[in-house]
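Below are the chains, spelled out letter by letter.
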Amino acid sequence: MGNFEPEIVGLCCHYCAYTAADMAGSKRISYPSNVKIIRVPCTGKVDAIHLMKALEKGADGVFVAGCLEGDCHFKNGNTRAAKRVVYVKNYIESLGFEPERVAMYNISAGMGERFAQIAGEFTEQIKALGPNPVKNIKSNHQAAGQ
Ligand code: FES
């Protein structure tokens, strides 16, 4: 895929993944700048439409990172998020898109290295898939004046 640099959205729970990303930064553990982090109060607040919107707007990949199983501060927000991620994966696959463009991870606030690892692995995975096909569809529509 040459020098394709994917745009990746990471929807990170305030209590765990966001803090882990912060920890990675303060420990100077680098992770790809491709990942744009959006802090959410709990992954239970992430709906399927948010994931779909990110892809529609041109993100090449989107992941949700929530607390470890059993550690969600709102009881079961992370398990609800995991179900929504599976739903979106199945939905985009039915539309002909790669389900690997969407992922769910569970980490704790102290796992800065793990966050960096996830960000790196997911970025490589999306690089291997190539650009989000929605970008081509959009530019073709624009070129056709639609
Ligand atoms: Fe972190 Fe719910 S509080 S996933």
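Structure shown above.
Residues numbered from 1 in each chain as written. Predicted model: local features only at pLDDT ≥ 70, side-chain atom pairs only at ≥ 80, totals over all residues. Heavy atoms only, no water.

Enquirer: For the overall build of the protein, give the residues involved together with the corresponding values.
Expert: Of the regular secondary structure elements, the protein holds five helices and four strands. Its helices and strands taken in sequence order, the protein reads β-α-β-α-β-α-β-α-α from the N to the C terminus. Computed over its C-alpha atoms, the radius of gyration of the protein comes to 15 Å, within 12% of the 15 Å expected for a compact globule of 146 residues. With the principal axes as the frame, the protein shows a C-alpha extent of 50 × 30 × 20 Å. (Helix = DSSP H or I, 4+ residues; strand = E, 2+ residues; numbered from the N terminus. Rg over C-alpha atoms; globule rule 2.2 N^0.38 Å.)

Enquirer: Can you tell me about the pattern of salt bridges, naming the residues and giving the values?
Expert: Taken as a whole, this structure holds five salt bridges when the rule is applied. Two residues, Glu-56 and Lys-53, come together in a salt bridge whose shortest N-O distance is 3.3 Å. Here Glu-56 pairs with Lys-53, and both are found in helix H2 (residues 48–56), just three residues apart, close to one helical turn. Where Glu-124 meets Lys-127, a salt bridge forms, and the shortest distance between an N and an O atom there is 3.8 Å. Residue Glu-124 and its partner Lys-127 are both found in helix H4 (residues 112–129); the two are separated by three residues, about one turn of the helix. Ionic contacts of the salt-bridge type, sharing partners, join the residues Glu-5, Glu-124 and Lys-127 into one network. (Salt bridge = Lys/Arg side-chain N within 4 Å of Asp/Glu carboxyl O.)

Enquirer: I'd like to hear about the sheet that holds strand E4 (residues 102–106), residue by residue, with values.
Expert: Here four strands make up an open sheet; going across it, the order is E2-E1-E3-E4 and the pairing parallel. This sheet does not close on itself; its edge strands, each paired only once, are strand E2 (35–40) and E4. Adjacent strand axes in the sheet meet at a mean angle of 20°, parallel and antiparallel pairs treated alike. Inspection of the sheet shows strand E3 (residues 61–66) paired to E4 by five bridges, in the parallel sense. Bridge pairing in E4 places Gly-66 opposite Asn-106. (Pairing = 2+ DSSP bridges. Axes fitted to C-alpha atoms, helices over the stretch in contact; angles between N-to-C directions.)

Enquirer: Can you lay out the environment of Arg-114 for me, pointing to particular residues and giving the numbers?
Expert: With respect to the helices and strands, Arg-114 occurs in helix H4. C-alpha separation for the pair Arg-114 and Ala-17, spaced 97 residues apart in sequence, amounts to 9.5 Å. Contact partners of Arg-114, with chain neighbours within four places excluded, come to Tyr-105, Ile-107 and Glu-121. Reaching out from Arg-114, the side chain makes a polar contact with the side chain of Gln-117 at a distance of 3.0 Å. (Contact = heavy atoms within 4.5 Å. Polar contact = N/O pair within 3.5 Å; in protein donor to acceptor, adjacent residues only side chain to side chain.)

Enquirer: Could you give an account of a nonpolar patch on the surface, with specific residues and numbers?
Expert: Taken together, Tyr-87, Tyr-91 and Leu-95 make up a surface patch of nonpolar side chains, about 330 Å² in accessible area. For Tyr-87, the location among the structural elements is in helix H3 (residues 77–94). Note on Tyr-87: relative accessible area 52%, which makes it exposed. (Patch = residues over 30% accessible without salt bridge, like charges linked within 9 Å, V, L, I, M, F, W, Y side chains within 5 Å. Areas by Shrake-Rupley, 256 points an atom, 1.4 Å probe, with all protein chains shown as cover. Buried < 20%, exposed > 50% of the residue type's maximum accessible area, 1.4 Å probe, protein only.)

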